[in-house]
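Close look at the chain arrangement
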Protein chains: 2
Amino acid sequence: MTLEGKLLIGQQAISGQQTAIHAVNPATGVTLEPAYLGGSKKDVERACELAETAFNAYRETSLEERAAFLEAIAAEIEAIGDTLIERAMAETGLPRARLEGERGRTCGQLRLFASVVRAGEWLDIRIDPALPNREPLPRTDLRQRHIPLGPVAVFGASNFPLAFSVAGGDTASALAAGCPVVVKGHSAHPGTSELVGHAIQRAVAKCSLPEGTFSLLFGSGREIGQALVANPHMQAVGFTGSRSGGTALMATAQARPQPIPVYAEMSSINPVFLLPEALKARGKAIAEGFIASLNMGAGQFCTSPGLVIAVQGPELDAFVEAAGSAVKESAAQTMLTPGVHEAYEQGVKQLAQNAQVTEVARGQAGETAHPCQAGLFVTQAEAFLNDATLQEEVFGSTSLVVACADTAEVARVAAQLEGQLTATLQMDDGDLAAAQQLLPILERKAGRILANGWPTGVEVCHAMVHGGPFPATSDSRTTSVGSAAIFRFLRPVCYQALPEGLLPKALNDGNPYGVSRLVDGKREV
Amino acid sequence: MTLEGKLLIGQQAISGQQTAIHAVNPATGVTLEPAYLGGSKKDVERACELAETAFNAYRETSLEERAAFLEAIAAEIEAIGDTLIERAMAETGLPRARLEGERGRTCGQLRLFASVVRAGEWLDIRIDPALPNREPLPRTDLRQRHIPLGPVAVFGASNFPLAFSVAGGDTASALAAGCPVVVKGHSAHPGTSELVGHAIQRAVAKCSLPEGTFSLLFGSGREIGQALVANPHMQAVGFTGSRSGGTALMATAQARPQPIPVYAEMSSINPVFLLPEALKARGKAIAEGFIASLNMGAGQFCTSPGLVIAVQGPELDAFVEAAGSAVKESAAQTMLTPGVHEAYEQGVKQLAQNAQVTEVARGQAGETAHPCQAGLFVTQAEAFLNDATLQEEVFGSTSLVVACADTAEVARVAAQLEGQLTATLQMDDGDLAAAQQLLPILERKAGRILANGWPTGVEVCHAMVHGGPFPATSDSRTTSVGSAAIFRFLRPVCYQALPEGLLPKALNDGNPYGVSRLVDGKREV
């Protein structure tokens, strides 16, 4: 499998004509071959037209056909073998075990969506039978199903080169919904993207699906991404990345003649609340768990715990000391890209230079080209409440401890937080009342609330919510991880008194797909 | 029940300070007392703050408490008696039977949402139990429920003074979701709004709910509405009205530091396709049904059939002749407001002056102050395809027939339509193949597809979709009529490993509310 450095448009591999992208090995700073010449606006148009052409056939595949396609993608990714892992290691600096785990997660995610497609809950079938004798007016037969929105634009994320990239959660859920996908690959891992892109191409061919079901574009800068979102065939956008990148796509999508939804997962500092009893009973153990979570993947997770909130006192001092010691011992890890590293250094510098912030500890300096040197800082609640910059995400292994005068101030800090992906409570039995006070605040701030765990490590399951109020995401009504992610790409259509021959199969009386339905307002399994 | 002309903020009635609004009897042109002095930005802030204060208590009412509240509102509206109908007749020019029917629909809608609250499907409970022995990593307990977004701003619509106004579908579904509501009453029917607003106030008091659960504001111009949408406490917006009004609110909501969803139902011309066999077999009967639908409520429905599409020929000529005769006989009906009447006259004039459009017939001229004189026009598909202004909604009893060269041109016209609330097929058995060709196009254009009926008359039920792609609505993923409307005001929250004492009651193991749940991906009733 030699990398070709080409765009994958439908079943073709095409050379781009624009500025070349090269991956850089972040551990060594060495530029990796081949060059990926960026696509043009014409390439965007071609991919989007193919997706549009594919849509009607792809969206009416049977549940079984679509599920088999998702499983075929997983099998094709696995069949790439170690080539994929090695290329991803070179492009991201991430260790082998992490990438093998991420591959497992990616393929597991595709297979989960295959099971979700088969179960058919996403169809949200609702049948209100005719009531010809109702007074004063009869009711006619009304049936509803969900249909896919149309072709979807997906932006690969730098921090999950497999699980949130070409065949990641956005792609898997959009394809599961019945939407063709055009991916803009992340410029940091084009080789990994090409390998996975070819795997999807092969699955499309093996399953005899229209070629426009999937395309993969490359391009530097924001131009190609903006063109993709502005293209009239595109009907929704999945994005994981920076707040500035996400809000730029939101603006483009809203400025279209026909605005479309953007699902952007952007910025979160994932507050952790240390409640008094837990802090007293096991502050040191909590500190260890905290630093382990903070150091995971060099803190390059949307769910990294960037904020710790607690009442000041000797227990918090002891926690800070223990956490600081652990930070000092933390080995540097290679960051994903030169750009991520630079932004991290900038963010840490801004914290360190803030007069109201004290440095507790820094981790070990690194010897690779782009090392993440961990950091722990502390500030007072009053300073935090008066300085919005202290809520800015520092993407990497750095966290800020906010010391509060009392539990009332803890609540004030919680209430002033921006929207978050997660909020964590470290609590013991004696903290229950305090936790009950905080919960209503946290529910309005975050998509996921944890007790006595750590926010890193996002389970791919049915109850997961990887979402949250702005700016954590652009749409708090949705999740980008877990089976409910499919609902982002669907809309309801009602069919009134359609003859049997015209009614979509899923809505037929006999329930041919055997799916759960709401009949006259009653749930039938 | 003397009308006071006041704002209802929480449990208080407060005099506004801004420009006075007077309702006008559209049939007579007579100004109606009392004056409603508009609210100030301070009044908006006060109402929104009260809503925010009410939110946490209101959202955690039990299913039974919340359902009983919705039923109490219905009972209070009915208890107003004929005073409500007479005031609404005077303010809107709508006939008694229509308003009595609309009152029934409004109260039925509230009771439907009471049943929806009790059934608890809206909670979307998902439980993924812990798997402590899973390899390579254990899974912790994960549970999801939906919670309400927060306080909601609702804009009363002119054309449904009860069913889409102060206690209409948006209010009912937002309250059902657990969101306090601040209504901006429509300036055309302030007296009707005040009567219904007091009914809701009484229900709030009787159910011992926090007063901020409901407020009602009045104000002329767009200023108060924009202030309401921009207020940081507001978390979603329900609106039914013009395209310009809806898109202005969308822009305001997107420009907030924290953007919020706007559910604007705006503009639809509701195409009706006359398929060849049906047209041949029963063109005259279809013409009668069409004109009856067009004349209903003086065409002042979002679902009025403003466009008819068919293949040209003697059958279509006969249809147009029959429909034209029916239009000529149509008596004028009073329109809702001077503004609606003026916009209608303007729209008809624009059609009549289009060189590619031919007038088929006009209805009888009216003798009231603001009569709707029905209109039927015809054009060729080529002209329609080349002139986007022919897709502009004319709000009132006017429709345009588009004559196509063949069925391929019918499909081209369908494909070029903007987003619609509805699309209708008039078809016989022999038209099935033609209908099957059109269906995939229409599914992407409309929220509801009908066969052999008429789009006016929107059933309030579980399978209804009153929504559709832009510009029919701002968010095609939703419906503003029917039980699924509740989902507009909800977002998912995941609870990870929370101790039983902290877990929201609905998520407890014992399923205390007895609602349908998704457990480990399997539906349980």
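Bear in mind that the values here come from a model prediction, so they are computed numbers and not experimental data. (Residues numbered from 1 in each chain as written. Chains lettered and ligands numbered in written order. Predicted model: local features only at pLDDT ≥ 70, side-chain atom pairs only at ≥ 80, totals over all residues. Heavy atoms only, no water.)

1. Focus on the overall build of chain A
Note the following rule: A run of H or I in DSSP counts as a helix once it spans at least four residues, and a run of E counts as a strand once it spans at least two, with each numbered from the N terminus. Exposure is judged per residue with a 1.4 Å probe applied to protein chains only, and the accessible area is read against the type maximum: over 50% gives exposed, under 20% gives buried, and values in between give partly exposed. The contact rule is simple, with two residues in contact once any of their heavy atoms fall within 4.5 Å.
Scanning chain A for helices and strands turns up 14 helices and 23 strands. Principal axes of the C-alpha set define a box for chain A whose edges measure 75 × 65 × 40 Å. Across the 525 residues in chain A, those meeting the buried criterion constitute 63%. Taking contacts inside chain A between residues at least 6 apart in sequence as the whole, the part at least 24 apart equals 76%.

2. Quick look at the interface of chain B and chain A
Which entries qualify depends on this criterion: The term salt bridge refers to a pairing of a side-chain nitrogen on Lys or Arg with a carboxyl oxygen on Asp or Glu at a separation within 4 Å. Polar contact is the term for a pair of N or O atoms within 3.5 Å; when the atoms are in protein, one must be able to donate a hydrogen and the other to accept it, and sequence-neighboring residues count only if both atoms are side-chain atoms. The residue classification treats Ala, Val, Leu, Ile, Met, Phe, Trp, Tyr, Cys and Pro as nonpolar and Asp, Glu, Lys and Arg as charged. All others, Gly included, are polar. In this scheme, strands are said to pair when DSSP sees at least two bridges between them.
Residue-level contacts link 76 residues of chain B with 76 residues of chain A. Inspection of the chain B/chain A interface yields twelve salt bridges. Here Arg-444 of chain B makes a salt bridge to Glu-52 of chain A, at a shortest N to O gap of 2.8 Å. Joining chain B to chain A, the criterion identifies 42 residue pairs in polar contact (both at pLDDT 80 or more). For the side of chain B that touches chain A, the secondary-structure elements that each account for two or more residues are α1 (41-59), β5 (125-128), β6 (142-148), α8 (243-255), α14 (432-445), β20 (446-451) and β21 (490-496) of chain B. Residues that form the side of chain B that touches chain A fall into these classes: 40 nonpolar, 16 polar and 20 charged. Where strand β20 (residues 446-451) of chain A lies against β21 of chain B, three bridges are found, and the strand directions are parallel. Looking at the pairing, Leu-450 of chain A lines up with Gln-496 of chain B of β21 of chain B.

3. Considering the relation of the copies chain B and chain A
Put simply, the test is: A least-squares fit on C-alpha atoms brings the copies together, and the residues used are those whose pLDDT is at least 70 in both copies.
By a simple turn and slide, chain B fits onto chain A: the slide is 0.0 Å along the axis, the RMSD is 0.0 Å, and the turn is 180°. With respect to symmetry, the two chain copies, as superposed, fit the operation of a two-fold axis. Relative to the rotation axis, the closest C-alpha in chain B is found at Val-525 of chain B, a distance of 3.6 Å. A share of 100% of interface residues in chain B that are also interface residues in chain A marks the association as one of identical surfaces.

4. With respect to the environment of Val-30 of chain A
All names here are of chain A. Along the polypeptide, Val-30 turns up in the loop between β3 (20-24) and β4 (31-37). Once the C-alpha coordinates of Val-30 and Gln-18 are considered, the two residues, twelve residues apart in sequence, prove to be 22 Å apart. Discounting chain neighbours no more than four positions away, the residues touching Val-30 are Ala-23, Val-24 and Asn-25.

5. Quick look at the domain arrangement of chain A
Residues and elements named next belong to chain A. Applicable threshold: As annotated, the domain borders come from an automatic or database domain assignment. Computed with a 1.4 Å rolling probe, the buried area is the accessible surface lost when two parts are put together, summed over both parts.
What the domain assignment lists for chain A is domain 1 (7-266 + 476-488) and domain 2 (271-451). Look at where the C-alpha atoms of domain 1 and domain 2 centre, and you get two points 33 Å apart. The interface of domain 1 with domain 2 comprises 18 residues on the first partner and 16 residues on the second. Counting the surface lost from both domain 1 and domain 2, the interface buries some 1,200 Å², and carbon and sulfur atoms represent 60% of this.

6. Things to note about the sheet that holds β5 of chain B
To summarise the sheet geometry, strands pair through backbone hydrogen bonds and adopt either a parallel or an antiparallel arrangement. Worth spelling out the cut-off: Every axis in this analysis is a line fitted to C-alpha atoms, fitted for helices over the stretch in contact. Angles between the N-to-C directions lie between 0 and 180 degrees.
The twelve strands lie next to each other as β15(A)-β17(A)-β18(A)-β13(A)-β12(A)-β19(A)-β20(A)-β21(B)-β6(B)-β5(B)-β22(B)-β23(B), forming an open sheet whose pairing is mixed. A strand with exactly one partner marks an edge of an open sheet, and here the two such strands are β15 (357-362) of chain A together with β23 (522-524) of chain B. Strand-to-strand twist of the sheet, defined as the mean angle between neighbouring strand axes without regard to direction, takes the value 20°. Relative to strand β22 (residues 517-519) of chain B, β5 of chain B runs parallel, the two sharing three bridges. Among the inter-strand pairings, Ile-125 of chain B is bridged to a residue of β22 of chain B, identified as Arg-517 of chain B. Across the sheet, helix α10 (residues 314-329) of chain A lies against β12 (271-274), β13 (307-311), β15, β17 (375-380) and β18 (398-404) of chain A, angled at about 45° from β15 of chain A, the strand it touches most. Together, β12, β13 and β18 of chain A form the strand contacts of helix α13 (residues 407-416) of chain A, whose direction differs from that of β13 of chain A by roughly 155°.

7. Observations regarding the side chain of Ser-268 of chain B
All names here are of chain B. Looking at the secondary structure, you find Ser-268 in the loop between β11 (262-265) and β12 (271-274). At 3.1 Å, the side chain of Ser-268 forms a polar contact with the side chain of Gln-420. Polar side-chain contacts of Ser-268 include one of 2.9 Å to the backbone nitrogen of Leu-421. Those residues in contact with Ser-268, other than ones at most four positions away along the chain, are Cys-302, Glu-393, Gln-420, Leu-421 and Thr-422.

8. Side note on empty space enclosed by the protein
The probe, sized like a water molecule, is rolled over the atoms to show the empty space still left. Condition: Cavities and pockets are found on a 1 Å grid laid over the protein atoms alone: a cavity is a set of points where a 1.4 Å probe fits but cannot escape, a pocket is an open set with protein on both sides within 12 Å along at least five of seven lines, and a lining residue has an atom within 4 Å of such a point. Grid points are joined across faces, edges and corners, and a volume is the space filled by probe spheres set on the points.
Scanning the model with the defined rule gives four cavities of 30 Å³ or more in all. Of the volumes computed, that of the largest cavity is approximately 820 Å³. His-146 and Phe-487 of chain A together with Asp-124, His-146 and Phe-487 of chain B are, among the 36 residues lining the largest cavity, the residues nearest its centre. When residues of the lining of the largest cavity are traced back to their parent elements, those giving at least two are β6 (142-148) and β21 (490-496) of chain A together with β5, β6 and β21 of chain B. Counted by class, the lining of the largest cavity contains eleven nonpolar, eleven polar and 14 charged residues.

9. Examining helix α13 (residues 407-416) of chain B
Residue and element names in this part refer to chain B. Rules: The arc in question is traced by the directions running from the helix axis to the C-beta atoms.
Taken as a whole, α13 has its buried residues at Glu-409, Val-410, Val-413 and Ala-414. Each buried residue of α13 sits inside an arc of 145° when the element is viewed along its axis, so together they form one side. Elements that come into contact with the buried residues of α13 comprise β12, β13 (307-311), α12 (381-385), β18 (398-404) and α14.

10. Considering the packing of aromatic side chains
Residues and elements named next belong to chain A. Which entries qualify depends on this criterion: Side-chain rings of Phe, Tyr and Trp (the six-membered ring for Trp) are treated as a pair once their centres are within 6.5 Å; stacked means planes under 30 degrees apart, edge-to-face means over 60, and tilted covers the remaining angles.
Under the definition given, this model contains 16 aromatic pairs over all chains. Plain terms: the ring middles of Tyr-263 and Phe-489 are 5.6 Å apart, the flat faces sit at 85° to each other, and that makes the pair edge-to-face. With Tyr-263 in strand β11 (residues 262-265) and Phe-489 in the loop between β20 and β21, the pair connects residues that are 226 residues apart, well separated along the chain. A residue is classified by how much of its surface remains accessible, and Tyr-263, at 5% relative accessible area, is buried.

11. Some remarks on the packing of helix α2 (residues 63-80) of chain B against helix α4 (residues 96-119) of chain B
All names here are of chain B. Keep this limit in mind: The labels follow the angle: roughly parallel below 35 degrees, roughly antiparallel above 145, roughly perpendicular from 65 to 115, and oblique for the rest.
For the pair α2 and α4, interaxial distance at closest approach is 8 Å and the crossing angle is 170°. Judged on the interaxial angle alone, α4 and α2 are roughly antiparallel. Of the residues in α4, those in contact with Leu-63, Glu-64, Arg-66, Ala-67, Ala-68, Leu-70, Glu-71, Ile-73, Ala-74, Ala-75, Ile-77 and Glu-78 of α2 are Arg-103, Cys-107, Leu-110, Arg-111, Phe-113, Ala-114, Val-117 and Arg-118. Here the contact of α2 with α4 is built from residues that sort into 13 nonpolar, no polar and seven charged.

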